[in-house]
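# Secondary and tertiary structure notes
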Amino acid sequence: MLIRSLHCSKLQCLSLRGFTCATAQEVLKPGVVLRKARAFTEEDVLQYSKVSFDSNPLHSESAAAKDVGFEGPLVHGMLVASLFPHIISTHFPGAVYVSQNLNFKFPVYIGDQITGEVQATNLRENKNRYLAKFKTRCFKNGELLVIDGEAVALLPTLRIEQEQHEEP
């Protein structure tokens, strides 16, 4: 269920579950921002370690992380960055991720509230599809920039799909 914020711009709305999406036209245009918020758990990190074969103890052992100056085990940077293709594919089913560059600015710890956002910066039609360039950013606790970069995706349409939520 989406609730439109009284302070929301013509192009954005706020979702109770951490997504924002376009309103009014429901069409992607430069400047439109789509967001997803979540906190990563120990189980998320464990499962990502298994599937990625990244067994660096910085992600699982407090002592190893503290020995090199961190507060505790880190969430894998690529796991945090996975918010970007998730946001794009959720709103544009059938999208093909073409490229992504990333800059990791600050560590993310288990339980940190992270908001990933993609902002359309350039759109170009390409053989009945659309090549979309996005500014990509993740924020910790709503304000500290922890990851930034750019992504390019091939979209089947510019129509923004609304996130479907299952009730618990």
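What counts, and where the lines are drawn
Residues numbered from 1 in each chain as written. Predicted model: local features only at pLDDT ≥ 70, side-chain atom pairs only at ≥ 80, totals over all residues. Heavy atoms only, no water. 1 Å grid on protein atoms, 1.4 Å probe; cavity = no way out; pocket = protein on both sides within 12 Å on 5 of 7 lines; lining within 4 Å. Points joined across faces, edges and corners; volume = space filled by probe spheres on them. Nonpolar A, V, L, I, M, F, W, Y, C, P; charged D, E, K, R; others polar. Helix = DSSP H or I, 4+ residues; strand = E, 2+ residues; numbered from the N terminus. Buried < 20%, exposed > 50% of the residue type's maximum accessible area, 1.4 Å probe, protein only. Core = buried A, V, L, I, M, F, W, Y, C linked by side-chain atoms within 4.5 Å. Contact = heavy atoms within 4.5 Å. Salt bridge = Lys/Arg side-chain N within 4 Å of Asp/Glu carboxyl O.

- Under an unreviewed UniProt entry, the protein chain has the name MaoC-like domain-containing protein and belongs to Sphenostylis stenocarpa.

## Overview of the layout of surface pockets
- In this structure, the largest pocket encloses a volume near 160 Å³.
- In terms of lining residues, the largest pocket is bounded by E42, V45, L46, S49, D54, S55, N56, H59, S60, P73 and I110.
- Its residues assigned to classes, the lining of the largest pocket shows four nonpolar, five polar and two charged.

## Description of unusual backbone geometry
- In the Ramachandran plot, K127 falls in the positive-phi region, its phi being about 55° despite a non-glycine side chain.
- Examined against the element boundaries, K127 turns out to sit in the loop between strand 6 (113-126) and strand 7 (129-140).
- Notably, N128 is not glycine yet its phi reads approximately 65°, a positive angle.
- With a relative accessible area of 67%, N128 lands in the exposed category.

## Quick notes on the nonpolar core
- Of all hydrophobic cores here, the largest spans 27 residues; its most connected members are L28, V80, F134, C138 and L155.
- Setting aside its immediate chain neighbours within four residues, C138 contacts V80, L83, F84, I114, T115, G116, L144, L145, V146 and I147.

## Some thoughts on the pattern of salt bridges
- One pass over the structure, following the stated rule, counts seven salt bridges.
- Across the pair R35 and E117 runs a salt bridge whose closest N-O atoms are separated by 3.0 Å. Here the residue R35 occupies a position in strand 4 (residues 33-39), and E117 occupies one in strand 6, the gap between them amounting to 82 residues.
- When its relative accessible area of 24% is taken as the criterion, R35 is described as partly exposed.
- E117 sits in the buried class, given a relative accessible area of 5%.

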